[in-house]
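Structure assessment
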Amino acid sequence: MVRRTKAEAAATREALIDAAEEMFLEHGVARTSLEQVARHAGMTRGALYWHFKNKADLVKAMLQRVHLPFQDLFDQVDTVCPQASPLEAIRAACIHGLEQLETPQKIRVHTILTYRCELFGDIDPQEMEREITEEIFGVLQHYFKMAEAQGQLKNISADVATEMLYALLSGLFHTWIRQPEDYSISQQGRALLDTLLNMMGGTESPD
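Before going into details, it helps to say that this report is about the structure given with it. (Residues numbered from 1 in each chain as written. Predicted model: local features only at pLDDT ≥ 70, side-chain atom pairs only at ≥ 80, totals over all residues. Heavy atoms only, no water.)

Focus on the overall build of the chain
Our working rule: Starting at the N terminus, helices and strands are each numbered in turn, a helix being any DSSP run of H or I of at least four residues and a strand any DSSP run of E of at least two. Two residues form a contact once any of their heavy atoms are found within 4.5 Å. The charge count treats Lys and Arg as positive and Asp and Glu as negative. His and the chain ends do not count. Here the site of a charge means NZ on Lys, CZ on Arg, CG on Asp, or CD on Glu.
Secondary structure summary: the chain contains 10 helices and zero strands in total. In sequence order, the secondary structure elements of the chain are arranged as α-α-α-α-α-α-α-α-α-α. Across its three principal directions, the C-alpha atoms of the chain cover 60 × 40 × 30 Å. Of all intrachain contacts in the chain linking residues separated by at least 6 positions in sequence, the fraction that spans at least 24 positions is 71%. For the chain, the separation between the mean place of its 20 positive charges and that of its 30 negative charges on side chains is 8 Å.

Encoded structure:
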């Protein structure tokens, strides 16, 4: 009975986040009330407050459901190919991350955070983006430092390499998320990534 109750509670929570995604995408975060989210999910406002203390809590849960820590991408590369060099690990992790962005749910959530989430109350989309930026930047810098120590970088420092790759990824994402149906970010990103990494030091593409 307890196990079923926990499963039901988890299903209720997921259904509320699903409803929030749909309402936030259609109306924007600021213009959507928690009562509207609960009603859209076919539940009471009390059920929503059982799982989320406020709208900011709900927005954070929505983001956490799709957010994969950047380091996890590198851990996956290390598991599959433990002999990968730092630059090869950077390439594989970035490509895998770009491929994951193309799932419908992640497109919805990132569209909401980029275009449908306004600054108000406890919700600060710029702060959320800053936290993600710092995480990505820190991991990239760590691996570029290793590449530098191993002599993989040519005529470029690890810090500059980090800045350049992050600028490429950020620009690619913000251009694509405007019209994600127009092209594949992973395909375009793969070509740009290979070009940049080859300029920095050269990587062997397994494709």
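Side note on the packing of aromatic side chains
Test applied: Think of it this way: a Phe, Tyr or Trp ring, Trp meaning its six-membered ring, pairs with another when their centres are within 6.5 Å, and the plane angle makes it stacked under 30 degrees, edge-to-face over 60, tilted otherwise. Relative accessibility thresholds used throughout: buried, under 20% of the residue-type maximum; exposed, over 50%; partly exposed, between the two (1.4 Å probe, protein chains only).
Tallied over the full model, the rule gives four aromatic pairs. Look at F70 and F74: their rings are 5.4 Å apart centre to centre, the planes differ by 75°, and that puts the pair in the edge-to-face class. With F70 and F74 both in helix α5 (residues 70-80) and four residues apart, this pair spans about one turn of that helix. As far as the burial class goes, F70 and F74 line up, both buried. Both rings, one in F173 and one in W176, keep their centres 6.4 Å apart while their planes meet at 50°; by these two values the pair is tilted. Placement of both F173 and W176 in helix α9 (residues 158-176) is noted, with a separation of three residues, approximately one turn of the helix.

Let's talk about the nonpolar core
Short version of the rule: Here, nonpolar core refers to any group of buried Ala, Val, Leu, Ile, Met, Phe, Trp, Tyr and Cys residues whose side-chain atoms link them within 4.5 Å.
Within the largest apolar cluster, 28 residues are counted, with the highest numbers of intra-cluster contacts made by F74, I90, L140, F144, L153 and L165. Of all the secondary-structure elements, those providing two or more residues to this core are α5, α6 (86-101), α8 (125-149), α9 and α10 (185-200). Those residues within four positions of L153 in sequence are excluded, and the remaining contacts are L87, F144, A147, E148, A158, A161 and M200. In terms of nonpolar packing, the next biggest core, distinct from the first, is built from 24 residues, I17, A19, A38 and A61 among them.

Comments concerning the packing of α5 against α6
So the rule is basically this: An axis is simply a line fitted to the C-alpha atoms; with a helix, the fit covers only the stretch in contact. Between two such axes, the angle follows the N-to-C directions and lies from 0 to 180 degrees. Roughly parallel refers to an angle under 35 degrees, roughly antiparallel to one over 145, roughly perpendicular to one between 65 and 115, and oblique to any angle outside these ranges. For any pair of crossing helices, the crossing counts as left-handed if the nearer helix is rotated counterclockwise from the farther one by less than a right angle, and right-handed if it is rotated clockwise. For this scheme, ten residues count as nonpolar: Ala, Val, Leu, Ile, Met, Phe, Trp, Tyr, Cys and Pro. Four count as charged, namely Asp, Glu, Lys and Arg, and the remainder, Gly too, count as polar.
Packing of α5 against α6 brings their axes to within 9 Å, and their N-to-C directions diverge by 120°. Put simply, α5 runs oblique to α6. Every pair of crossing elements has a handedness; the one defined by α5 and α6 is right-handed. Judged by residue contacts, F70, L73, F74, Q76 and V77 of α5 engage A89, I90, A92, A93, C94, H96, G97 and Q100 from α6. Within the contact of α5 with α6, the residues separate by chemical class into nine nonpolar, four polar and no charged.

Here's the deal with the environment of E22
Within the secondary structure layout, E22 lies in helix α1 (residues 2-27). Spatially, the C-alpha atom of E22 lies 18 Å from that of A47, the residues being 25 residues apart in sequence.

Topic: the pattern of salt bridges
Going by this rule: The salt bridge criterion pairs a side-chain nitrogen of Lys or Arg with a carboxyl oxygen of Asp or Glu, the two atoms within 4 Å.
Scanning all chains against the criterion turns up 11 salt bridges. For E14, the salt bridge is made with R65, and the minimal N-O distance between the two is 2.8 Å. Placement of E14 in helix α1 and of R65 in helix α4 (residues 55-66) is noted, with a sequence separation of 51 residues between them. E14 gets classed as partly exposed once you look at its relative accessible area, which sits at 35%. In this structure, the salt-bridge partner of R130 is E134, at a minimum N-O distance of 2.3 Å. With R130 and E134 both in helix α8, this residue pair falls four residues apart, about one helical turn. When salt bridges with common partners are traced through the structure, they connect E14, D18, E21, R65 and R108 into a single cluster.

Describing the side chain of K106
For clarity, the threshold we go by: Think of a polar contact as two N or O atoms within 3.5 Å of one another; within protein, one of them needs to be a possible hydrogen donor and the other a possible acceptor, and neighboring residues in sequence only count if both atoms come from side chains.
Looking at where K106 falls in the secondary structure, it is placed in helix α7 (residues 104-116). Of the buried charged residues, K106 lacks a salt bridge, with D72 as the closest side chain of opposite charge at 9.9 Å. Within the local environment of K106, its side chain forms a polar contact with the side chain of Q100, the two groups lying 3.2 Å apart. The residues touching K106, leaving out its near neighbours within four places in the chain, are V66, Q100 and L101.

A few points about the side chain of H110
Examined against the element boundaries, H110 turns out to sit in helix α7. Its relative accessible area of 17% is what places H110 among the buried residues. Residues within four places of H110 in sequence aside, it is in contact with L101, F173 and I177.

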